[in-house]
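Below, each chain spelled out in residue letters.
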Amino acid sequence: MEFIESPQDSFQLPEGKFSFWRYLFLIFIVIGVTLVSQSILILIASLIEGNMDVLNFPPFTFLWVSMLPFAALLVFLVIGIRLIHQQTFKSIFTQKVHFNRSLMIKSAIIWFVLSALADIIIAFTQPGNYSYTFSLRSFIPFMSLAVILIVFQITAEEVFFRSYLLHGFKRLFRFQWLAIITQAIMFGILHGANPEVTTYGILTTMPFYIGIGLLLGWLTHKFRGLEIALGLHFANNLYATTMVTFTGSAISSPAIFTIMDYQPETGLIAFAILALLFGLIITRVK
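Structural notes, computed from the coordinates.

Rules used in this analysis
- Residues numbered from 1 in each chain as written.
- Predicted model: local features only at pLDDT ≥ 70, side-chain atom pairs only at ≥ 80, totals over all residues.
- Heavy atoms only, no water.
- Axes fitted to C-alpha atoms, helices over the stretch in contact; angles between N-to-C directions.
- Helix = DSSP H or I, 4+ residues; strand = E, 2+ residues; numbered from the N terminus.
- Left-handed = near helix turned anticlockwise from the far one by under 90°.
- Nonpolar A, V, L, I, M, F, W, Y, C, P; charged D, E, K, R; others polar.
- Salt bridge = Lys/Arg side-chain N within 4 Å of Asp/Glu carboxyl O.
- Buried < 20%, exposed > 50% of the residue type's maximum accessible area, 1.4 Å probe, protein only.
- Phe/Tyr/Trp six-rings, centres within 6.5 Å; stacked < 30°, edge-to-face > 60°.
- Lys NZ or Arg CZ within 6 Å of the ring centre and 35° of its normal.

1. Overview of the packing of helix α3 (residues 59–84) against helix α6 (residues 136–173)
Right, so step 1: Following both chains from N to C, one finds α3 and α6 inclined at 35°, their axes separated by 8 Å at the closest point. Classified by chirality, the crossing of α6 by α3 is left-handed.
Right, so step 2: Residue classes in the contact of α3 with α6 are distributed as 23 nonpolar, two polar and one charged.

Rendered as structure tokens:
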């Protein structure tokens, strides 16, 4: 079985070999690699911490236990796409002539600034809800590792969802929006095990994950590459790790500010506005 892209999408899709069995084979490999690496890291961490309760590991330990598997995922995924699908390395990240680093950086800056402005506005409307919790002693070592691991995490997720699966679904469905929606739903499901989903409920947290998956998928399709998605995703995770955190966050971090009473409904409204503003701005950026 060979996926065949529709004429209107063919200019966006990389060349290679895309039989159905190749997708199943590589997906099986990367899932296996991720699970094995995660298990090994949990075992190592349990020996260091003296218990197997992952959610109660210290923030620094939980950080590398939860994030390092993405490095293994990324390596095996890229190598697998290159060897199993015989797709060029560049086409994994962009379908343009060159990867646009400038666009990626601009995307990160715009999203980071918009996120900061949103929190400033929310902080003024919720006096006392944002607490200054900065501690240089814990901030520096945690963030030094976090920045590196976030790069691996977001790159692995973008390559898997917005490159590999999005292109695969375009070949399968032949309708671009059905492909974008499907990968976004799968992106949301992947994050369903995050602590905030349990703490605040599916109805107020999953729309964010699916929504950002839709935004990133649309941007990847429109700009024919991962540049904007990589920049936005990096800025989003970096901001959530370094600037503002809250109880039940996916990764507990010594951020500069802590929201004492996080309201997911407010966060969801803020995200919708940010996504709209970002889309309007980035489509005008050269």
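2. Quick word on the pattern of salt bridges
Right, so step 1: Considering all chains together, one arrives at two salt bridges under this definition.
Right, so step 2: With a closest N to O distance of 3.0 Å, Glu227 and Lys96 form a salt bridge. Of the two residues, Glu227 is situated in helix α10 (residues 227–242) and Lys96 in the loop between α4 (89–93) and α5 (101–125); the sequence distance between them amounts to 131 residues. Here the two residues Glu227 and Lys96 agree in accessibility, since each one is buried.
Right, so step 3: With a shortest N-O distance of 2.7 Å, Glu158 and Arg162 are connected by a salt bridge. Placement of both Glu158 and Arg162 in helix α6 is noted, with a separation of four residues, approximately one turn of the helix.
Right, so step 4: On the accessibility criterion, Arg162 (0% relative accessible area) is buried.

3. Observations regarding the packing of aromatic side chains
Right, so step 1: Summed over the entire model, instances satisfying the criterion amount to 19 aromatic pairs.
Right, so step 2: Both rings, one in Phe18 and one in Tyr23, keep their centres 6.4 Å apart while their planes meet at 35°; by these two values the pair is tilted.
Right, so step 3: Residue classification places Phe18 among the buried positions, given a relative accessible area of 5%.
Right, so step 4: Judged by its relative accessible area of 6%, Tyr23 falls in the buried class.
Right, so step 5: Geometrically, the ring pair formed by Phe112 and Tyr239 is edge-to-face, given 5.1 Å between the ring centres and 80° between the ring planes. Highlighted residues: Phe112 in helix α5 and Tyr239 in helix α10, separated in sequence by 127 residues.
Right, so step 6: On the basis of relative accessible area, Phe112 is assigned to the partly exposed category, the value being 25%.
Right, so step 7: Put simply, the rings of Phe18, Tyr23, Phe160, Phe161, Tyr164 and Phe187 pair up and form one aromatic cluster.
Right, so step 8: The aromatic ring of Phe187 is capped on one face by Arg162, whose charged end is 4.3 Å from the ring centroid.
Right, so step 9: Arg171 extends its terminal NZ or CZ atom over the ring of Phe18, reaching a point 3.6 Å from the ring centre.

4. Thoughts on unusual backbone geometry
Right, so step 1: In this model, Gln86 sits at a positive phi of 55°, which is unusual for a non-glycine residue.
Right, so step 2: Secondary-structure assignment places Gln86 in the loop between α3 and α4.
Right, so step 3: In the Ramachandran plot, Arg224 falls in the positive-phi region, its phi being about 55° despite a non-glycine side chain.
Right, so step 4: As for its placement among the helices and strands, Arg224 is situated in the loop between α9 (202–222) and α10.
Right, so step 5: Note on Arg224: relative accessible area 28%, which makes it partly exposed.

Just geometry here; none of it tells us what the structure is for.
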